[in-house]
Amino acid sequence: MIAVAAALMQIALIVAQRRRTPSDVTASAPWSHVAAALGAGVVGWLVIGRPEVLWADLTLALAFGLVLGSEAAQAARRLSGKAWAGWATACGSGAASANWLLATPLPFM
């Protein structure tokens, strides 16, 4: 549930930024946001109890945590004009993506 809600919010943030500045299309988010999302994903995995990792679940976690999360971080930084918004979005997205690895919809059940 948490991962799905985070993914929807990431998509909404990216769409809002693209509609606000349609001509400002860049290749990708900075590698620092990708690294922050990956680190937060590992911390999230540790916090939820290190569930068993399957390849299908890992693909979901990496796609939503790294790719979509770093792009959402870039969009948040551009929309707010503050660097901390991008870092917070990258870390939140990475940590929330660890919930794709759970067998139950909510952590700690």
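So, a few notes on the structure that sits alongside this text. (Residues numbered from 1 in each chain as written. Predicted model: local features only at pLDDT ≥ 70, side-chain atom pairs only at ≥ 80, totals over all residues. Heavy atoms only, no water.)

## Some details on the packing of aromatic side chains
- What the rule picks out here adds up to 1 aromatic pair.
- Taking the centre distance of 5.1 Å and the plane angle of 25° together, the rings of Phe64 and Trp100 count as stacked. Of this pair, Phe64 sits in helix H3 (residues 55-80) while Trp100 sits in the segment after helix H4 (83-97); the two residues are 36 residues apart in sequence, bridging distant segments of the chain.
- Note on Trp100: relative accessible area 18%, which makes it buried. (Phe/Tyr/Trp six-rings, centres within 6.5 Å; stacked < 30°, edge-to-face > 60°. Helix = DSSP H or I, 4+ residues; strand = E, 2+ residues; numbered from the N terminus. Buried < 20%, exposed > 50% of the residue type's maximum accessible area, 1.4 Å probe, protein only.)

## Description of the packing of helix H1 (residues 2-20) against H4
- The N-to-C vectors of H1 and H4 enclose an angle of 145°; their axes lie 9 Å apart at closest approach. Here the hand of the crossing between H1 and H4 comes out left-handed. Contacts from Ile2, Ala3, Ala6, Gln10 and Leu13 of H1 reach H4 at Thr89, Ser93 and Ala96.
- In the contact of H1 with H4, the residues fall into 5 nonpolar, 3 polar and no charged. (Axes fitted to C-alpha atoms, helices over the stretch in contact; angles between N-to-C directions. Left-handed = near helix turned anticlockwise from the far one by under 90°. Contact = heavy atoms within 4.5 Å. Nonpolar A, V, L, I, M, F, W, Y, C, P; charged D, E, K, R; others polar.)

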